[in-house]
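Okay, here's what each chain looks like letter by letter:
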Amino acid sequence: MNAQAQGTLLDTRLRAFVDAHPRLFVLTGAGISTDSGIPDYRDRAGQWKRTPPVTYQAFMHELATRQRYWARSLLGWRRFGRAEPNATHRALVALEQRGQMELLVTQNVDRLHQRAGSQRVVDLHGRLDEVRCMTCDWRQGRHDFQRELMARNAAWTHLDAADAPDGDADLDGHDFSRFDVPPCPACGGIAKPDVVFFGENVPRERVEAATRAWSDADAVLVVGSSLMVFSGYRFVAAAAKAGKPVATVNLGVTRADPLVTLKIDAPCAEAMAFLLED
């Protein structure tokens, strides 16, 4: 089968699934933002491409970890903060405008769904464009925090590094011990991106909103996620156990492969393009 025929087949199968289920619970992951220039975490086999991300426990209890995190973030944010929505984000806006989306739950922290125009979105793992104090809950936009980072660490602003997932940068071989991490200006506490780190609990209200949505939906559509992280996988597993059909669009394996009704192994933009053509 040639590439054109394969493309037509996946378009027909996914279109039929979407048309058959007017109330979809949609779960998205890093694979939808790669076309926006944001690297993803895993390869086709579902394995880490890099060292796993920093944990909540290390960030909160080790100054050296915070210095390394913010030094890399200073460089990574310069491009991450300018990323724009791509065709997959726009396709999901079109799906919502058709009235077929019960809720969109994203594991991404880039806010590109909202910038594309999606209205019914839960940021399961938070948002990278805000920083919050872990003591007094002071908050600041990430762009403003970037200016403070640069003012305190002018020598680092001349460096460059390859992009890594979620505003990180592959900055290895440097001594981070003199990197000056700004404290909370209100109480002196630890400032942390308003995202859920590994080892940190997803806020209950987000879990409850997602649970209500998949319960009310008649099917689940997963786009751009291997579902290797339990915080997203649990909704798909619960929905499948309840008898809801599940479709996945992702390059390579997903944790839910044994549960799915339809598996589309293809780039997200290619698979979802029909929504922009209707």
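Residues numbered from 1 in each chain as written. Predicted model: local features only at pLDDT ≥ 70, side-chain atom pairs only at ≥ 80, totals over all residues. Heavy atoms only, no water.

> Go over the nonpolar core with me, naming the residues and quoting the values.
Generally speaking, nonpolar side chains in soluble globular proteins are found buried as a group. Among the nonpolar cores identified, the biggest contains 30 residues, and W70, L128, W138, F145 and F179 are the most heavily contacted of them. Mapped by element, the contributors of at least two residues to this core are α2 (56–61), α3 (63–80), β4 (126–133), α6 (142–152) and β8 (191–195). Among the elements that take part in this core, α3 stands out by supplying seven residues, more than any other. In this view, W70 contacts F59, V131, R142, F145, L149, F179, V181, A191, K192 and P193; residues no more than four positions away in its chain are not counted. Core analysis: the second largest hydrophobic core is formed by 26 residues, A91, V223, A247 and F274 among them. (Core = buried A, V, L, I, M, F, W, Y, C linked by side-chain atoms within 4.5 Å. Buried < 20%, exposed > 50% of the residue type's maximum accessible area, 1.4 Å probe, protein only. Helix = DSSP H or I, 4+ residues; strand = E, 2+ residues; numbered from the N terminus. Contact = heavy atoms within 4.5 Å.)

> Before we move on, can you summarise the pairing of β4 with the specific residues and values?
Two faces make up the sheet, and in a regular strand the side chains alternate between them. Where β4 and β8 come together, four bridges link them in antiparallel fashion. For R132, the partnering residue across the bridge sits in β8 and is K192. Sheet topology note: the β4/strand β5 (residues 139–141) ladder contains three bridges and is antiparallel. Its bridge partner being in β5, E130 is matched across the sheet by G141. In this antiparallel pair of consecutive strands, β4 and β5, the connection spans five residues, and D137 shows a positive phi of 70 degrees. (Pairing = 2+ DSSP bridges.)

> I'd like a rundown of the layout of surface pockets, residues and numbers included.
Unfilled space is identified by rolling a water-sized probe across the atoms. The space that makes up the second largest pocket amounts to roughly 150 Å³. Taken together, 13 residues line the second largest pocket, and the ones lying closest to its centre are W77, D110, R111, R115 and D129. Put simply, the parts of the chain that give the lining of the second largest pocket at least two residues each are α3, α5 (112–116) and β4. Looking at the lining of the second largest pocket, its residues break down into seven nonpolar, two polar and four charged. (1 Å grid on protein atoms, 1.4 Å probe; cavity = no way out; pocket = protein on both sides within 12 Å on 5 of 7 lines; lining within 4 Å. Points joined across faces, edges and corners; volume = space filled by probe spheres on them. Nonpolar A, V, L, I, M, F, W, Y, C, P; charged D, E, K, R; others polar.)

> Could you give an account of the state of the cysteines, with specific residues and numbers?
One pass over the full model with this rule turns up zero disulfides. The closest cysteine sulfur to the non-disulfide-bonded C184 is located on C133, 3.7 Å from its own sulfur. (Disulfide = S-S within 2.5 Å.)

> Mind laying out the packing of helix α7 (residues 204–216) against helix α8 (residues 230–241), listing which residues take part and the relevant values?
For any two helices packed against each other, the geometry comes down to the angle between their axes and how far apart the axes lie. With their axes 10 Å apart at the nearest point, α7 and α8 run at an angle of 30 degrees to one another. Comparing the axis directions of α7 and α8 gives the class roughly parallel. Of the two possible hands of crossing, α7 and α8 adopt the one that is right-handed. Along its contact with α7, which presents V207, A210, T211 and W214, the element α8 presents R234, F235, A238 and A239. Counted by class, the contact of α7 with α8 contains six nonpolar, one polar and one charged residues. (Axes fitted to C-alpha atoms, helices over the stretch in contact; angles between N-to-C directions. Parallel < 35°, antiparallel > 145°, perpendicular 65-115°, else oblique. Left-handed = near helix turned anticlockwise from the far one by under 90°.)

> Can you explain the pattern of salt bridges? Please cite residues and give values.
Under the defined criterion, the tally for this structure stands at 16 salt bridges. Of the charged contacts in the structure, one is a salt bridge between R127 and D129, with a shortest N-O distance of 2.7 Å. With relative accessibility at 26%, the residue D129 sits in the partly exposed group. Note that E200 and K192 form a salt bridge whose closest N and O atoms lie 3.1 Å from each other. Here E200 and K192 have matching classes, each one buried. Where salt bridges share partners, they join E130, R132, D137, R139 and D194 into one cluster. (Salt bridge = Lys/Arg side-chain N within 4 Å of Asp/Glu carboxyl O.)

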